[in-house]
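Structural features, examined
Below, each chain spelled out in residue letters.
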Amino acid sequence: MDITTGALGAERRSLKVRDTDLAWAAGLIDGEGCISLNAVRIRSKSGRLTYELRVVVNNTDIRLLNRLREILGLGFICPMKRYSARHRPAWQWEVKSRKAEMVIRSVLPYLVGKREEAELGLLSRQYMQPVGTSSENPNAEQLAWLKRELSSLKGHRRGGGES
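Residues numbered from 1 in each chain as written. Predicted model: local features only at pLDDT ≥ 70, side-chain atom pairs only at ≥ 80, totals over all residues. Heavy atoms only, no water.

Observations regarding the sheet that holds strand β3 (residues 33-41)
If you walk across this open sheet you meet the four strands as β3-β4-β6-β5, and the pairing is antiparallel. Here the strands that pair on one side only, and so sit at the sheet edges, are β3 and β5 (76-79). Across the sheet, the mean angle from the axis of one strand to that of its neighbour is 35°, orientation sign disregarded. Two strands pair when backbone bridges link them, and β5 and strand β6 (residues 91-96) are joined in this way by four bridges, in the antiparallel orientation. Pairing of C78 across the sheet is with Q92, part of β6. (Pairing = 2+ DSSP bridges. Helix = DSSP H or I, 4+ residues; strand = E, 2+ residues; numbered from the N terminus. Axes fitted to C-alpha atoms, helices over the stretch in contact; angles between N-to-C directions.)

Right, dumping it as structure tokens:
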């Protein structure tokens, strides 16, 4: 399968990625990852609220995260804060916005547990304004609804929803 990496003009490149590698990446995201829509304030005079699609995978084995980044050609890895000396060191791989959309589109055929979240995440991208837009997003209500739906799906999986 061809996936395009690098969201910036001339830096775009196409990678040949084996379907088995994309399936592996989807399994890691399904089992250890999180697909979310986060509300963020723009750092400007307006301080308007916007939303950002994120895909995150946390793990104590950095080799898994390095392999994920190698397969997808996207994302950054950073250490996570240790809250106790008893906890093992852990790392986080993350992609946001357009890059998160690219990752989701690449692994969507192989997702099982997070498929609905991925589809809602892709839908949310249709309602987002381009970076640098200074006015309030006229689709803010739809984005807030999508954020609630994503949160609701997570609650159902953890046993917090209705049967």
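What to know about the packing of helix α1 (residues 19-32) against helix α2 (residues 62-72)
Two elements in contact, α1 and α2, have axes whose closest approach is 10 Å; the angle formed by their N-to-C orientations is 135°. Classed by the angle they form, the pair α1 and α2 counts as oblique. The hand of the α1/α2 crossing is left-handed. Contacts between α1 and α2 involve D21, L22, W24, A25 and L28 on the former and, on the latter, L64, R67, L68, I71 and L72. (Parallel < 35°, antiparallel > 145°, perpendicular 65-115°, else oblique. Left-handed = near helix turned anticlockwise from the far one by under 90°. Contact = heavy atoms within 4.5 Å.)

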